[in-house]
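# Fold and geometry: a report
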Amino acid sequence: NAGVMQNPRHLVRRRGQEARLRCSPMKGHSHVYWYRQLPEEGLKFMVYLQKENIIDESGMPKERFSAEFPKEGPSILRIQQVVRGDSAAYFCASSPTRGNGYTFGSGTRLTVV
Amino acid sequence: GESVGLHLPTLSVQEGDNSIINCAYSNSASDYFIWYKQESGKGPQFIIDIRSNMDKRQGQRVTVLLNKTVKHLSLQIAATQPGDSAVYFCAENIEEDTGRRALTFGSGTRLQVQP
């Protein structure tokens, strides 16, 4: 049973480009959470999704950021028109029930140049 | 000893000693707490959890203590090993009318184990 799979592991984008980060939850998990981590800091909650629904996006910047978790396929975190301040590690976690039993992926390290 | 600098606070211990990592949380209504270990370049890894109806829980070489009165959580690691070197985060969440919220993470403590 594979864990939470995130890809790519590393992503380099030029300012103004779009970044797409993918997360495949563990088998049987229908709850997905995205977190952002800056160097030497803790993880900051961004968004919580269930299949086809955004449940809590209170941590998501209002502009340029969006997330989806379609009926089929991975969850996608999309950042449009990236800026240097978007450079961070983005972690996805999944759980079998809401708010419990999180398993984290290895993250995507986004670098904006 | 423990020091607080511009970035993560760091706890340095000798191999074989016991380590105590502390965490203060702000939401008195939080009812579920977890400690995570994060090694360089990896995602957080679950260590141990505790619910608010308990004040102590033990695992293999680890113990979590919860003091709800002062909103304080601690992680004790017995006989610390070099492989324990990592950043440790506490996390909390709360059950609301609409369901359990996503985890909120603390700022972390770096544990350095000296051989």
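Before reading on, note that the structure itself is shown above.
Not measured: the values here are computed from a predicted model.

## Comments concerning the state of the cysteines
All names here are of chain A. Considering all chains together, one arrives at two disulfides over all chains under this definition. In this model, Cys23 is linked to Cys92 through a disulfide, with the two sulfur atoms separated by 1.8 Å. Taking the sign of the S-S torsion, -50° for the link of Cys23 and Cys92, the bridge is left-handed. Taken together, the residues Cys23 in strand β3 (residues 19–24) and Cys92 in strand β9 (residues 88–95) connect sequence positions 69 residues apart.

## Describing the pattern of salt bridges
Residue and element names in this part refer to chain A. This structure, assessed with the given rule, holds 11 salt bridges over all chains. Ionic pairing is found between Asp86 and Arg64, a salt bridge with its closest N-O pair at 2.7 Å. Residue Asp86 is located in the loop between β8 (75–79) and β9, and its partner Arg64 is located in the loop between β6 (53–56) and β7 (65–68); the two are separated by 22 residues in the primary sequence. A residue is classified by how much of its surface remains accessible, and Arg64, at 25% relative accessible area, is partly exposed.

## Quick look at the sheet that holds β8 of chain A
All names here are of chain A. Strand order in the open sheet formed by four strands is β1-β3-β8-β7, with antiparallel pairing between adjacent strands. Two strands lie at the open edges of the sheet, namely β1 (5–7) and β7, each paired on one side alone. Taking the axes of each pair of neighbouring strands and ignoring which way they run, one obtains an average angle of 15° across the sheet. In the sheet, β7 pairs with β8 via four bridges, with the strands oriented antiparallel. In the sheet register, Glu68 faces β8, and the bridge partner there is Ile76.

## Re the nonpolar core
If you look at soluble globular proteins, the nonpolar side chains tend to sit buried side by side. Trp34, Met46, Leu77 and Tyr90 of chain A are the most contacted members of the largest nonpolar core, which totals 23 residues. Counting only elements with at least two residues in this core, the list comes to β3, β4 (31–37), β5 (43–50), β7, β8, β9 and β11 (108–112) of chain A.

## Describing the sheet that holds strand β8 (residues 72–77) of chain B
All names here are of chain B. With antiparallel pairing, the four strands of this open sheet are ordered in space as β3-β8-β7-β6. Whereas interior strands pair on both sides, the edge strands pair on one side only; in this sheet they are β3 (19–24) and β6 (56–58). Within this sheet the neighbouring strands show an average axis-to-axis angle of 15°, counted without direction. Direction of pairing for β6 relative to strand β7 (residues 62–67): antiparallel, over a ladder of three bridges. Note on β7: the bridge partner recorded for Lys56 is Leu65.

## A word on the interface of chain B and chain A
Contact residues are listed per partner, giving 22 residues for chain B and 20 residues for chain A. Taken as a group, Arg100, Ala102 and Phe105 of chain B account for 27% of the area that chain B buries against chain A, more than any other trio of residues on that side. Where chain B packs against chain A, one counts two salt bridges. Where Asp56 of chain A meets Arg101 of chain B, a salt bridge forms, and the shortest distance between an N and an O atom there is 3.0 Å. Counting every contact that joins chain B to chain A gives 11 residue pairs in polar contact (both at pLDDT 80 or more). Sorting the residues of the side of chain B that touches chain A by element identifies β4 (32–38), β9 (86–93) and β11 (99–100) of chain B as the ones contributing at least two each. The element contributing the most residues to the side of chain B that touches chain A is β4 of chain B, with three residues. Across the side of chain B that touches chain A, the residue classes tally to eight nonpolar, nine polar and five charged.

## Topic: the environment of Arg110 of chain B
Relative to the assigned elements, Arg110 of chain B resides in strand β13 (residues 109–114). Of the residues examined, Arg110 of chain B reaches a relative accessible area of 24% and is grouped as partly exposed. With 100 residues separating them along the chain, Arg110 of chain B and Thr10 of chain B place their C-alpha atoms 4.6 Å apart. Excluding residues within four positions of it along the chain, Arg110 of chain B makes contact with Glu40 of chain A together with Leu8, Pro9, Thr10, Leu11, Ala86 and Val87 of chain B.

## Some remarks on the environment of Leu49 of chain A
Residues and elements named next belong to chain A. Its place among the elements puts Leu49 in strand β5. The class of Leu49 is buried, set by a relative accessible area of 0%. Separated by 49 residues in the primary sequence, Leu49 and Arg98 have C-alpha atoms spaced 9.9 Å apart. Residues contacting Leu49, with those up to four places away along its chain left out, are Ser30, His31, Val32, Trp34, Ile54, Ile55, Ala67, Glu68, Phe69 and Ser75.

Conventions adopted
- Residues numbered from 1 in each chain as written.
- Chains lettered and ligands numbered in written order.
- Predicted model: local features only at pLDDT ≥ 70, side-chain atom pairs only at ≥ 80, totals over all residues.
- Heavy atoms only, no water.
- Disulfide = S-S within 2.5 Å.
- Helix = DSSP H or I, 4+ residues; strand = E, 2+ residues; numbered from the N terminus.
- Salt bridge = Lys/Arg side-chain N within 4 Å of Asp/Glu carboxyl O.
- Buried < 20%, exposed > 50% of the residue type's maximum accessible area, 1.4 Å probe, protein only.
- Pairing = 2+ DSSP bridges.
- Axes fitted to C-alpha atoms, helices over the stretch in contact; angles between N-to-C directions.
- Core = buried A, V, L, I, M, F, W, Y, C linked by side-chain atoms within 4.5 Å.
- Contact = heavy atoms within 4.5 Å.
- Buried area = accessible area lost by both parts, 1.4 Å probe.
- Polar contact = N/O pair within 3.5 Å; in protein donor to acceptor, adjacent residues only side chain to side chain.
- Nonpolar A, V, L, I, M, F, W, Y, C, P; charged D, E, K, R; others polar.

Read these as layout, nothing more, since geometry by itself doesn't imply function.
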